[in-house]
Amino acid sequence: MWRDPYRNARCLIPALGWYEWQERRRNDPDTGEVRTYEQPYYLQVEQSGPVAFAGLMAIWGAPAGGKPQLTCAILTRAPSSPAAEVHDRMPVVLRTDIQQDWLNPELTDATKVAEIIREGAIDEVKYHPVRTLVNKPRTEGPELIELLASMPSS
C-alpha cells in the first residue's frame, strides 16, 4: 500500500512531540497485589517549537462502495538514544532544511528518499513521564505534557 506513496506522495505531519508507553508494575495500596499499568512518556526533539514527521499519503477505498478517503501514515525508525530507553521505535522527525527535499514531487527514486530519511532525521530527543490522563482519549489540555512529579511506587 505504501510503496508508491514512498516515491510519489510524501507529506509532512506537524507536531510538538509524541507519546510512548511502557508497561510498569506497582503495588495496589489497598490489596498489596502487584498490578501492571501503562506509563506514558512525552518525547520531543531538543529544539523548541513545532517539528515535522515524515509521512506518506494514500487514497483508501472504503469497503462496500464507501467514499474514498485521503489517509496518511507517519514513518518510524529505530530509536535514537535516549528515546531507546522508552520505546523500540520513534517517528522520523525531519530537519527543517531537508523538508523541501522530502516534499519534492520530482524525487521518485526510492534510494534517494531513503537517503533523506537517513541523513535528515533528527536524533536529539528528550523525554519525561506524564500523568496517565493521556490514556483517556477525550482528555485534552496542556497538563497532558507536564512532567509527572513522581513515578508511582512499585
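Residues numbered from 1 in each chain as written. Predicted model: local features only at pLDDT ≥ 70, side-chain atom pairs only at ≥ 80, totals over all residues. Heavy atoms only, no water.

(A) Structural detail: the overall build of the chain. A count of helices and strands for the chain gives 3 helices and 9 strands. Each helix and strand of the chain, placed in order from N terminus to C terminus, yields the pattern α-β-β-β-β-β-β-β-β-α-α-β. Its C-alpha radius of gyration of 19 Å places the chain more than 25% over the 15 Å reference for a compact globule of 154 residues. Burial analysis of the chain (154 residues in total) assigns 35% to the buried set. Put simply, of all contacts in the chain between residues at least 6 apart along the chain, 62% involve residues at least 24 apart. (Helix = DSSP H or I, 4+ residues; strand = E, 2+ residues; numbered from the N terminus. Rg over C-alpha atoms; globule rule 2.2 N^0.38 Å. Buried < 20%, exposed > 50% of the residue type's maximum accessible area, 1.4 Å probe, protein only. Contact = heavy atoms within 4.5 Å.)

(B) Representation of the sheet that holds strand E2 (residues 18–27) in the model. On the basis of which strands lie adjacent, the open sheet formed by 3 strands has the order E2-E3-E9 and antiparallel pairing. The open sheet is flanked by E2 and strand E9 (125–129), the only strands paired with a single partner. Put simply, the sheet's adjacent strands are angled 30° from each other on average, direction ignored. In this sheet, E9 lies alongside strand E3 (residues 34–45) in antiparallel orientation, the contact comprising 5 bridges. Directly across from Tyr41, in E9, lies its bridge partner Pro129. (Pairing = 2+ DSSP bridges. Axes fitted to C-alpha atoms, helices over the stretch in contact; angles between N-to-C directions.)

(C) Representation of helix H3 (residues 110–120) within the structure. Buried residues of H3: Val113, Ile116, Ile117 and Gly120, and no others. What you see down the axis of H3 is that its buried residues fit within an arc of 100°, all on one side. Residues of H3 that are exposed and point more than 90 degrees away from the buried face comprise Thr111, Arg118 and Glu119. Two or three places before Thr111, at the opening of H3, Asp109 has a side-chain oxygen 2.7 Å from that residue's backbone nitrogen. (Arc of directions from axis to C-beta. Polar contact = N/O pair within 3.5 Å; in protein donor to acceptor, adjacent residues only side chain to side chain.)

(D) The arrangement of the nonpolar core in detail. Grouped together as the largest cluster of nonpolar side chains are 15 residues, with contacts concentrated most on Trp18, Leu43, Phe53, Val93 and Val125. Elements represented by at least two residues in this core include exactly strand E1 (10–15), E3 and strand E4 (51–60). (Core = buried A, V, L, I, M, F, W, Y, C linked by side-chain atoms within 4.5 Å.)

(E) Molecular detail of the state of the cysteines. Counted under the stated rule, the structure contains 0 disulfides. Note on Cys11: no disulfide assigned, nearest cysteine sulfur contributed by Cys72 at a separation of 5.3 Å. (Disulfide = S-S within 2.5 Å.)

(F) Molecular detail of the packing of aromatic side chains. Under the defined criterion, the tally for this structure stands at 4 aromatic pairs. Where Trp18 meets Phe53, the ring centres are 5.8 Å apart and the plane angle is 80°; that geometry is what we call edge-to-face. With a gap of 35 residues between them, Trp18 in strand E2 and Phe53 in strand E4 connect regions that are remote in the sequence. A single burial state applies to Trp18 and to Phe53, both of which are buried. Ring-pair connections join several aromatic residues into one group, and the members of that group are Tyr19, Trp21 and Tyr42. Sitting over the ring of Trp102, Arg10 keeps its end group 5.6 Å from the ring centre. Here Arg26 stacks its cationic end above the ring of Tyr37, 3.9 Å away from the centre of that ring. (Phe/Tyr/Trp six-rings, centres within 6.5 Å; stacked < 30°, edge-to-face > 60°. Lys NZ or Arg CZ within 6 Å of the ring centre and 35° of its normal.)

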